[in-house]
Amino acid sequence: MKRNELEDMSRSLPPEAGTRVKLPIVLLRRHDLGLGAFTIMGDRYEEYAMLLLADLVHGSFEEYKEQKPESAILFKPQVSSLMRKFHSLLVLGFGSSGIRG
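Note that the structure is a prediction, hence the values are computed from the model and not measured.

**Q** Just to check I follow, could you spell out the overall build of the protein chain for this structure?
**A** Of regular secondary structure, the protein chain possesses five helices and four strands. Seen in sequence order, the protein chain has helices and strands lined up from the N terminus as α-α-β-β-α-α-β-α-β. Expected size for 101 residues packed as a compact globule is a radius of gyration near 13 Å; at 13 Å, the protein chain falls within 12% of this value. Structurally, the protein chain occupies a C-alpha span of about 35 × 30 × 20 Å along its principal axes. Every one of the 101 residues in the protein chain was classed for burial, and the buried ones make up 40%. The long-range fraction of contacts in the protein chain, counting pairs at least 24 apart against all pairs at least 6 apart in sequence, stands at 64%. Surface summary for the protein chain: the accessible area is close to 6,000 Å², and the carbon and sulfur share equals 55%. In the protein chain, 14 side chains carry a positive charge and 13 a negative one; their mean positions are 5 Å apart.

**Q** When you look at the environment of Asp 8 in this model, what are you seeing that I'm missing?
**A** Locating Asp 8 in the fold gives a position in helix 1 (residues 3-12). On the accessibility criterion, Asp 8 (30% relative accessible area) is partly exposed. On a C-alpha basis, the gap between Asp 8 and Ile 40 in space is 20 Å, while along the polypeptide they are 32 residues apart.

**Q** Explanation requested: the nonpolar core in the structure shown.
**A** Nonpolar side chains in soluble globular proteins tend to end up buried together. Counting residues in hydrophobic clusters, the biggest one holds 27 residues, and the most contacted among them are Leu 13, Leu 27, Met 50, Leu 74, Leu 82 and Leu 90. It is helix 3 (residues 44-53) that contributes the most residues to this core, seven residues altogether. Setting aside chain neighbours within four positions, we find Met 50 in contact with Met 9, Ile 25, Leu 27, Ile 40, Leu 74, Leu 82 and Leu 90.

**Q** In this structure, what is going on with the pairing of strand 1 (residues 25-30)? I would like to understand it.
**A** Here is the key point about a regular strand: its side chains alternate between the two faces of the sheet. The buried fraction of strand 1 is high, at five of six residues. As paired elements, strand 1 and strand 2 (residues 37-40) share three bridges and run antiparallel to each other. Its bridge partner lying in strand 2, Leu 28 is registered against Thr 39. Joining the antiparallel neighbours strand 1 and strand 2 is a turn of six residues, in which Gly 34 adopts a positive phi near 120°.

**Q** Teacher, can you tell me more about the pattern of salt bridges here?
**A** Opposite charge on two side chains permits them to pair, given that their charged atoms come into close proximity. All chains considered together, the criterion is met by six salt bridges. Among the salt bridges present, the one from Arg 11 reaches Asp 8, with a minimum N-O distance of 2.3 Å. Taken together, the positions of Arg 11 and Asp 8, both in helix 1 and three residues apart, correspond to about one turn of that helix. Residue class for Arg 11 comes out exposed when judged on its relative accessible area of 61%. Between Glu 46 and Lys 22 there is a salt bridge, and its shortest N-O distance comes to 3.8 Å. With a gap of 24 residues between them, Glu 46 in helix 3 and Lys 22 in the loop between helix 2 (17-20) and strand 1 connect regions that are remote in the sequence.

Here is what the cut-offs are and how they apply
Residues numbered from 1 in each chain as written. Predicted model: local features only at pLDDT ≥ 70, side-chain atom pairs only at ≥ 80, totals over all residues. Heavy atoms only, no water. Helix = DSSP H or I, 4+ residues; strand = E, 2+ residues; numbered from the N terminus. Rg over C-alpha atoms; globule rule 2.2 N^0.38 Å. Buried < 20%, exposed > 50% of the residue type's maximum accessible area, 1.4 Å probe, protein only. Contact = heavy atoms within 4.5 Å. Areas by Shrake-Rupley, 256 points an atom, 1.4 Å probe, with all protein chains shown as cover. Lys, Arg positive; Asp, Glu negative; His and termini not counted. Charge placed at Lys NZ, Arg CZ, Asp CG, Glu CD. Core = buried A, V, L, I, M, F, W, Y, C linked by side-chain atoms within 4.5 Å. Pairing = 2+ DSSP bridges. Salt bridge = Lys/Arg side-chain N within 4 Å of Asp/Glu carboxyl O.

Keep in mind these values describe shape, not function.
This is how it looks when you write it as structure tokens:
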């Protein structure tokens with residue numbers, strides 16, 4: 001894990017993220033959800049962090065948690081952007097509908 005990427009991620013997330021986000025974050029490619037779809041393995045806070053970094057969610061974790069979305073889905077353009085910024089902190093995996101993040 002690269003120090004500069006850790007620092008960039010830390011600056012981009014709320015202060016409590018330092019104790020809540022477990023690295024590396026696994027983005028699981030899901031063919032059953034469509035072309036270029038990925039789910040985020042981990043807990044709700046890791047989903048929130050990735051969506052926040054991808055600029056797909058705004059507001060606090062509490063607001064996100066209240067929305068109760070199904071499993072968060074990222075698509076290839078968002079994953080590509082995240083990989084460019086945080087390559088050493090993310091892992092891409094490949095799975096099927098039998099695996100839940």
